[in-house]
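An overview of the molecular structure
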Amino acid sequence: MKVTSPIGELPFVVHGVSLHDRHVVVEGELGSWRSRIEVGAEDLPMLGRALRRPLIAAGLGLAGIALLRRR
Amino acid sequence: MRYTAPVRDVVVIGGGVVGCAVAWRLSGTAARVTLIEAAHDLCEGASKGNTGIATSGGDCHPGTLELELVRRSSPGWEALCARLDTPFHRIGTLAVALTEEDERRLPELLRDAQDTGAAAEIVTGDQARGLEPLISEEARAALHFPDDGIIDSIRLTIGYAELAARNGVEVLRGAPVHSIERDGDRIVAVTAGDRWIATRSVVNAAGVEADTISRLAGGEQFRTWPRQGQYWLLDRELGGRFRKVVGGVPTPVTRGIYCVPTTNRSLLLGPTAVDREDRTDRAVDAETLDHVFDAAQRLVPSIAREYAIKTFASNRPASDPTYRIAVDAEVSNLVHAAGIRSTGVSSSPAVAEMVRGLLEGLGLPVGDQRPHAITELEPLPRLLGHPRPEQLFARDPRYGQVICACEQVTAAEIAAVHGMAVPPTSLEGVRKRTRATGGRCQGAFCLSGVSFLHSLHAGRRPPQIAVSEPEATLGIGAHDV
Amino acid sequence: MSDRPPVAIVGAGITGLACAHALRDVARVTVVDRVPVPGGVHGWEAAETRELAACGAQLRLGETAIRWDGLTLLAIGQDGPQQMGAAALVIATGARPLGRAELGIAGGRPAGIVAATVACHLAENGLLVGRRPLIVGGGDWAMRAVSELRAAGAERATLVCPDGLLRERPNDGAVHVREHDRVVSVAGTPRVRTATLASGETLGCDAVVLAHGVAALRNVDGAVWAGDRAVYAQPLADPATVAQARAAGAEAAAAVRSLIDREERP
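Residues numbered from 1 in each chain as written. Chains lettered and ligands numbered in written order. Predicted model: local features only at pLDDT ≥ 70, side-chain atom pairs only at ≥ 80, totals over all residues.

**Some details on the overall build of chain C**
Rule in force here: Secondary structure follows DSSP: runs of H or I at least 4 residues long count as helices, runs of E at least 2 residues long count as strands, and numbering of each begins at the N terminus. By definition, residue pairs are in contact when their C-beta atoms, positioned from the backbone, come within 7 Å.
Within chain C, the secondary structure is distributed over 6 helices and 19 strands. The principal-axis extents of the C-alpha atoms in chain C amount to approximately 65 × 35 × 35 Å. Look at the contacts in chain C between residues 6 or more apart in sequence, and 65% of them connect residues 24 or more apart.

Here you go:
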């Protein structure tokens, strides 16, 4: 996964996905920086716009896959 | 038009060091105060472009109001700056005589200095080099003013305003004064920006535009004009080696050019002093800059172009006479604090007290201190040069995220200034409060990171990020600018 | 082997990594970079980066080196401040284009005047610094700025470059070139409106992008101009090619070796 940032494009490596409190939490590393993404129901309306943003889309995709696998 | 109720006791026009000092001084009293600044931020005029010297007055003219106010302000800097989270170091100035002619003038200048009451002594060339090894071998003698200090004039100005705002002073930025209404010989209201403000008095601290304000109020006709100075900013590596402020021998016309180590160890060279017409002209030119550089290099041969980071110009408010601090002769509730040309920083605490006294004489409630008024700002620690970075990190892990590497400004500091009572509204505002983007790479590697954080903290979408004034956006929008 | 002296390298670009690689047998090398990925300007995905990053040195990425006192390097990152003792310090922090004061551009200080690095970073993030930018320079920074700004929506661009330094003529009808010329002053408020060239011509523009010349980038206090036991590995070229970077890294490693040898033989 790749993220564009104010300092350029960086790799995002996912280490784990979990569900906390109705939020999907993606833990990972942005290069060597510890990083976490939390996606909640309030972010869902953004999905339409968000699909243009690879990070959130990929994060959601991975979260979805991981949760499906856990079932 | 929005009506501001209730009526103010004092409207201070001008957000430079003098206006902010007045607002600070009044903020501990019962008075209701509004501070108005035309530009998008405070401290946009001479108060941000100066050498940062808090003079002890040795080169002021004896018998002048300027000298009196500088002398009254001088002893209190350590205590005041501690309360305003403003760096100040009383390192002293050496006015260096490079020629025989300069040397012959020193005894007379010493007598003048002694008349001012400031500490002063003549030292030999060798003694001068002992005090400041960077001084040229050509130096024959020098006048030493041990009580002069260096100060961060931007942190001082913003510190004054910050404390004032925390004490309830209303600060309006981006609010140029359009009109001033009178009833007989008294001002009753000021229209600035989109606000109509009823007020019992006005303080005119509008710097180069002080004459405009007086004219709008129907007050005395006097003229203020820009006295332009051009400057170089040089690297901390050089500035950090200085122990003293180094200048030439002052002439009757000008104090001359200084080499000033700043409180963050960079080095300022300047200023020139040229009376101009155009108040908005802040252009540097190669000839003047060369002149400044050559003069500085004669004093300190180590000064070299490779250390240069930035050049800039700023306009000091000149007037005749200077130091017009008085109630207007025509308008009974208009107090001028105008024509404060060269020593605005150095005299600001005493000017503020003098203005308070004049307002008290007009019957305004500026007498007693309110018991619960805040008297000091909580210092914001900065990573650059900090002896205990682990303490900073323990306090806020964002001290571990260095955003501007040249000045070592962290995400913690950038976040903190956005939580101030008078926060930055532009990248220039972030620079003034943190020094981010002001270092040797001039933002080449951090401007985008700083703008990202500013947009986050200030709640601005990226296309709205302003470099300075709101219409000077970082990115161009849909319309041609 | 705990016999090997520690060496700290600031900058995990090709230069810094090449230096680390060359020192791997004689020193315990730590490479620090404020960016959380290696590779510097050549990028974390470049083959050379991947190859050199596996050289065995400890990589402390996402940490900013801030102070050197001749014995210890202080860096700070997401885990707080870290002190690293080192027998030598290598500064491999790359370069930047020259700034306004260095280029001698007179005039006021309006908005819209930015380094090429900034113009490109912003363009990548969807912010265009100008629809009619004027780019000063003729090397790689300038070429990249021209193409990024045009791709981000600049209607036209003017490239102004001094004698003989134009790397190539852009194949883009909306890019005008002024060779053998330079910007001497700018005007406009609050945003830049015009730039005046040495030839006397005044051009309208809404941004001036500084992409000319090369200066070393240094920000470790105590090792900015010179430092105790500090070696500088910064090829001053625009661009610094992989070959130049590797050579600079190797040269720095040799200097570090003699520094260490001198100290071990009192």
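So much for the structure itself; the text now carries on.
**Digging into the domain arrangement of chain B**
Put simply, an interface is often sized by how much accessible area is lost when its parts join up. Residues and elements named next belong to chain B. The condition that has to hold: Each domain's limits were defined by an automated method or a database of domain assignments. Charged means Asp, Glu, Lys or Arg here, nonpolar means Ala, Val, Leu, Ile, Met, Phe, Trp, Tyr, Cys or Pro, and polar covers whatever is left, Gly included.
Split by domain assignment, chain B resolves into domain 1 (2-47 + 154-223 + 320-361), domain 2 (93-146 + 226-314) and domain 3 (389-464). The C-alpha-based centres of domain 1 and domain 3 are spaced at 30 Å. Considering only residue class, the side of domain 1 that touches domain 3 consists of 7 nonpolar, 1 polar and 3 charged.

**A word on the nonpolar core**
So the rule is basically this: In this usage, the nonpolar core is the set of buried Ala, Val, Leu, Ile, Met, Phe, Trp, Tyr and Cys residues whose C-beta atoms join them within 7 Å. Residues with at least 20 other C-beta atoms within 10 Å of their own are called buried, those with 12 or fewer are called exposed, and the rest are partly exposed. The C-beta atoms themselves are positioned from the backbone.
By size, the foremost hydrophobic cluster in this structure holds 241 residues, and its most contacted members are B:Ala23, C:Val90, C:Val208 and C:Val209. It is helix H1 (residues 17-27) of chain B that contributes the most residues to this core, 8 residues altogether. Beyond its immediate chain neighbours, meaning those up to four positions away, C:Val209 contacts C:Val114, C:Ala116, C:Ala119, C:Val129, C:Pro133, C:Ile135, C:Val136 and C:Ala145. By size, the runner-up hydrophobic cluster in this structure holds 6 residues, among which are A:Phe12, A:Leu30, C:Val37 and C:Trp44.

**Remarks on the interface of chain C and chain B**
At the junction of the two partners, chain C supplies 40 residues and chain B supplies 39 residues. For the side of chain C that touches chain B, the elements supplying multiple residues, two or more each, are strand E4 (64-68), strand E5 (72-77), strand E6 (80-85), helix H3 (100-103), strand E9 (106-107), strand E10 (113-115) and helix H4 (116-124) of chain C. Of all the elements, H4(C) adds the most residues to the side of chain C that touches chain B, at 4 residues. Looking at the side of chain C that touches chain B residue by residue, the class counts come to 18 nonpolar, 15 polar and 7 charged.

**Considerations on the domain arrangement of chain C**
You can read the domains of chain C as domain 1 (6-96 + 215-264) and domain 2 (100-210). Listed by partner, the interface residues are 4 residues for domain 1 of chain C and 6 residues for domain 2 of chain C.

**Looking at the sheet that holds strand E2 (residues 28-33) of chain C**
Picture the strands of a sheet paired through backbone hydrogen bonds; they go either parallel or antiparallel. Residues and elements named next belong to chain C. We apply this condition: Here a strand pair is declared whenever DSSP counts at least two bridges between the two strands. Angles here are taken between N-to-C directions and fall from 0 to 180 degrees, while the axes themselves are lines fitted to C-alpha atoms, restricted in helices to the stretch in contact.
Read from one edge to the other, the open sheet built from 5 strands follows the order E3-E2-E1-E7-E19, with strand pairing classed as parallel. In this open sheet, the two strands that pair with only one neighbour each are strand E3 (58-61) and strand E19 (230-232). Geometrically, the sheet is characterised by an average inter-axis angle of 20 degrees between neighbouring strands, direction not taken into account. Examined bridge by bridge, E2 and E3 share 4 bridges and lie parallel to one another. Directly across from Thr 30, in E3, lies its bridge partner Gln 58. Against the sheet, helix H1 (residues 14-23) contacts strand E1 (6-10), E2 and strand E7 (88-91), and its axis sits at roughly 170 degrees relative to E2. The strands touched by helix H6 (residues 242-264) are E1, E7 and E19; relative to E7, the strand with the most contacts, the crossing angle is about 165 degrees.

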